[in-house]
Amino acid sequence: MKLLIAVIQDKDSNRLSNALIKEGFRATKLASTGGFLRAGNTTFLIGIEDDRVQGALDVIRSSCKVRDQLVTPVSPVSGAADSYIPFPVEVQVGGAAVFVLPVERFEHF
C-alpha cells in the first residue's frame, strides 16, 4: 500500500477531484498555501494499493496542467524602496508535486 500526497494549484482542484472519483479513487482534500507565490493550493491524500499507483498518477498528470502566469515581485525590505519599481515576471505555475510514500499499516474503523 502507498500514500500519494499531491500538491496542486487550486485551479486544478475540482477537475482532479472529479477525475479521481470517475476512476474510482478515494481522496481527502486539504487546503494549503504555497511558499513561493503565497497562492492557494490543494493537497490531496490518496491511500492506494501498489498496483493502482500508476493509474492514479496518470489521472493526476492529465488533470493538472502547467501554465505561465505573470507575478509582481515583492518590494525589498531594506534599502531604497522609494525608487523600487517592480516589473511583472512570468513564472510557471500549476502541475502537481506528488510524493509516493510506503504505508506500513492502515486501519479503518
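It should be noted that the structure appears before, not after, this text.
Residues numbered from 1 in each chain as written. Predicted model: local features only at pLDDT ≥ 70, side-chain atom pairs only at ≥ 80, totals over all residues. Heavy atoms only, no water.

**Q** Looking at this structure, how should I read helix H2 (residues 53–63)?
**A** Helical geometry note: an α-helix holds 3.6 residues per turn, so side chains three or four residues apart project in the same direction. Buried within H2 are the following residues: Val53, Ala56, Leu57, Val59, Ile60 and Ser63. When H2 is viewed along its axis, its buried side chains cluster within an angular range of 160° and face the same direction. Elements that come into contact with the buried residues of H2 comprise strand S1 (2–9), helix H1 (13–22), strand S3 (40–48) and strand S6 (96–102). (Buried < 20%, exposed > 50% of the residue type's maximum accessible area, 1.4 Å probe, protein only. Helix = DSSP H or I, 4+ residues; strand = E, 2+ residues; numbered from the N terminus. Arc of directions from axis to C-beta. Contact = heavy atoms within 4.5 Å.)

**Q** How do you make sense of the sheet that holds S6 when you look at a structure like this?
**A** Within a beta sheet, neighbouring strands are joined by backbone hydrogen bonds and run either parallel or antiparallel to one another. Pairing within the open sheet is antiparallel, and its four strands lie in the order S2-S3-S1-S6. For this open sheet the edge positions go to strand S2 (28–33) and S6, each flanked by a neighbour on one side alone. On average, each strand axis in the sheet is inclined to that of its neighbour by 20°, with strand direction left out of account. In the sheet, S2 pairs with S3 via six bridges, with the strands oriented antiparallel. If you follow Ser32 over to S3, its bridge partner there is Asn41. Here H2 sits on the sheet and contacts S1, S3 and S6; the angle it forms with S1, its principal contact strand, is near 5°. (Pairing = 2+ DSSP bridges. Axes fitted to C-alpha atoms, helices over the stretch in contact; angles between N-to-C directions.)

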